[in-house]
Amino acid sequence: MTSVTRRFVLSTVAVLGIAAATPAFAEDKILASVPGLTFPFFVHMMNAFKAEATKQGLGVIESDGQVSSPKQTADVEAAITQGVKGIVISPNEVDAMAPALQQAVEAGVPVVTVDRRVAQVEGILAHVGADNVKGGEAQGNLIVQMFPDGATIINLQGQSGASPAIDRNKGLHNVLDGMADKYKIVFEQTAGFDRAKGLAVTEAALAGMAEAPKVIVAANDDMALGAMEAVKARNLTGITIIGFDALPEALAQVRDGGLTATIEQFPGQQSSMGVQILFDFIKSGKKPAEQVNLITPVAITKDNLNTAERLGEVK
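What comes next concerns the included structure. (Residues numbered from 1 in each chain as written. Predicted model: local features only at pLDDT ≥ 70, side-chain atom pairs only at ≥ 80, totals over all residues. Heavy atoms only, no water.)

Brief notes about the nonpolar core
What tends to happen in soluble globular proteins is that the nonpolar side chains get buried as a cluster.
Okay, step 1: Phe49, Val88, Val112, Leu156, Ile216, Ile241 and Leu259 are the most contacted members of the largest nonpolar core, which has 52 residues in total.
Okay, step 2: Apart from the residues lying within four places of it in its own chain, the contact partners of Phe49 are Ala32, Ser33, Val34, Val88, Val114, Ser271 and Val275.
Okay, step 3: Among the nonpolar cores identified, the runner-up in size contains 19 residues, and Leu31, Val94, Ala98 and Val121 belong to it. (Core = buried A, V, L, I, M, F, W, Y, C linked by side-chain atoms within 4.5 Å. Buried < 20%, exposed > 50% of the residue type's maximum accessible area, 1.4 Å probe, protein only. Contact = heavy atoms within 4.5 Å.)

Here it is as structure tokens:
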């Protein structure tokens, strides 16, 4: 509640001749911030933030980081100045956002990070996310399962500096590096979690190869869908494409055969849990039993499509 609103409420109460009361908890606001609302994944995350906040009686200041750490930093600093009761955030870049989140902690504003962890900032109330290393390992294990005799692989990495990109790549290499004689990553480059870049990078990779790879693995579904378009444009068949995030469009492609698999990391569950933790602390000072709360991702294929969080959105 702003000071102007508080004065209005108190003056109204005085006019009505009743005792002034402490403002209702439902009038408290939190900042909910995501890296960029141009990404369907973060739109889903923001919707989950807002739905859980409404359920708990919290107002929400919505922040679109616009894939810009300076923009997201400015939003956090403005929220601190406005006196928000807490911040739930998926940081655009973990290192670049650390100073702003440190500022929030020092100002006494509780912070919960979701999806992307800022480990270098002490005092963050909690982190909720997928175990992205295990998610990358799930991609690697699926490749090994599908190609027991070995495979050539294109690896489309995520946004540089983003912890999910780093961890997913680490998990994939955890599985494949020990069997490098059989599983050869013949091309590896970031495509920035972006579909158009996924298309362009895959086109460039395929153009430079005498023989098509058996697998294209991508650190998110947007890049995987871009890769799928590049494969179609060259009239290539039989290439296994594995994404990550279980977006509705990707789930539809898994169903219809355009993609082989995607990795479900339950972002709605992550987001709801993050707001719940923040609410409990704001309301009663309760801290979570664990500071870091990780959900284990699951590989989604045609065989277990019904376990996907967003299957109901598939057209």
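Text resumes after the structure shown.
Some points on the sheet that holds strand β1 (residues 29–34)
Okay, step 1: Spatial strand order, β2-β1-β3-β4-β5-β11: 6 strands in an open sheet with parallel pairing. Bordering the open sheet on either side are β2 (59–64) and β11 (292–295), each of which pairs with just one other strand. For this sheet, the mean angle separating the axes of adjacent strands, direction not counted, is 15 degrees.
Okay, step 2: Direction of pairing for strand β4 (residues 111–114) relative to strand β5 (residues 126–130): parallel, over a ladder of 3 bridges. Opposite Val112, over in β5, you have Ala126 as the bridge partner.
Okay, step 3: Seen against the sheet, helix α3 (residues 69–82) touches β1, β2 and β3 (86–89) and runs at an angle of roughly 175 degrees to β1.
Okay, step 4: Strands in contact with helix α4 (residues 94–106) are β3 and β4; relative to β4, the strand with the most contacts, it is inclined by about 150 degrees. (Pairing = 2+ DSSP bridges. Helix = DSSP H or I, 4+ residues; strand = E, 2+ residues; numbered from the N terminus. Axes fitted to C-alpha atoms, helices over the stretch in contact; angles between N-to-C directions.)

Observations concerning the packing of aromatic side chains
Okay, step 1: Counting across every chain of the model gives 2 aromatic pairs.
Okay, step 2: Where Phe39 meets Phe42, the ring centres are 6.0 Å apart and the plane angle is 85 degrees; that geometry is what we call edge-to-face. Comparing Phe39 with Phe42, the two get one shared label, buried.
Okay, step 3: Between Phe41 and Phe42 the ring centres are 5.2 Å apart and the planes differ by 85 degrees, which places this aromatic pair in the edge-to-face class.
Okay, step 4: Taken together through their ring pairs, the aromatic side chains of Phe39, Phe41 and Phe42 make up a single cluster.
Okay, step 5: The ring of Phe244 has Arg168 lying over it, and the distance from NZ or CZ to the ring centre is 3.8 Å. (Phe/Tyr/Trp six-rings, centres within 6.5 Å; stacked < 30°, edge-to-face > 60°. Lys NZ or Arg CZ within 6 Å of the ring centre and 35° of its normal.)

Overview of the layout of surface pockets
Okay, step 1: Roughly 250 Å³ of volume is contained in the largest pocket.
Okay, step 2: Arg117, His127, Ser163, Asp167 and Leu294 are the residues nearest the centre of the largest pocket, which is lined by 16 residues in total.
Okay, step 3: Secondary structure elements with two or more residues in the lining of the largest pocket: α4, β5, α5 (132–146), α6 (163–176) and β11.
Okay, step 4: The biggest single contributor to the lining of the largest pocket is α6, with 4 residues.
Okay, step 5: Along the lines of polarity and charge, the residues of the lining of the largest pocket split into 7 nonpolar, 4 polar and 5 charged. (1 Å grid on protein atoms, 1.4 Å probe; cavity = no way out; pocket = protein on both sides within 12 Å on 5 of 7 lines; lining within 4 Å. Points joined across faces, edges and corners; volume = space filled by probe spheres on them. Nonpolar A, V, L, I, M, F, W, Y, C, P; charged D, E, K, R; others polar.)

Description of empty space enclosed by the protein
Okay, step 1: The full count for this structure, using the stated rule, is 2 cavities of 30 Å³ or more.
Okay, step 2: As for the largest cavity, its lining consists of Phe39, Phe41, Phe42, Asp115, Arg116, Pro164, Arg168, Phe193, Asn220, Asp222, Asp245 and Gln265.
Okay, step 3: Among the secondary structure elements, those contributing two or more residues to the lining of the largest cavity are α2 (40–55) and α6.
Okay, step 4: Partitioning the lining of the largest cavity into residue classes produces 5 nonpolar, 2 polar and 5 charged.

What about the pattern of salt bridges?
Okay, step 1: Counted under the stated rule, the structure contains 8 salt bridges.
Okay, step 2: Salt-bridge contacts for Asp222 lead to Arg195; the nearest nitrogen and oxygen are separated by 3.2 Å. Taken together, the residues span a long stretch of sequence, with Asp222 in helix α8 (residues 221–233) and Arg195 in helix α7 (residues 195–207) at a distance of 27 residues.
Okay, step 3: A relative accessible area of 7% means that Asp222 is categorised as buried. (Salt bridge = Lys/Arg side-chain N within 4 Å of Asp/Glu carboxyl O.)

Description of the environment of Asp64
Okay, step 1: With respect to the element layout, Asp64 can be found in strand β2.
Okay, step 2: Separated by 185 residues in sequence, Asp64 and Glu249 place their C-alpha atoms 22 Å apart.
Okay, step 3: If near-sequence neighbours (up to four positions away) are discounted, Asp64 is found in contact with Val34, Pro35, Gly36, Leu37, Lys71 and Asp75.
Okay, step 4: At 3.1 Å, the side chain of Asp64 and the backbone nitrogen of Leu37 are in polar contact. (Polar contact = N/O pair within 3.5 Å; in protein donor to acceptor, adjacent residues only side chain to side chain.)

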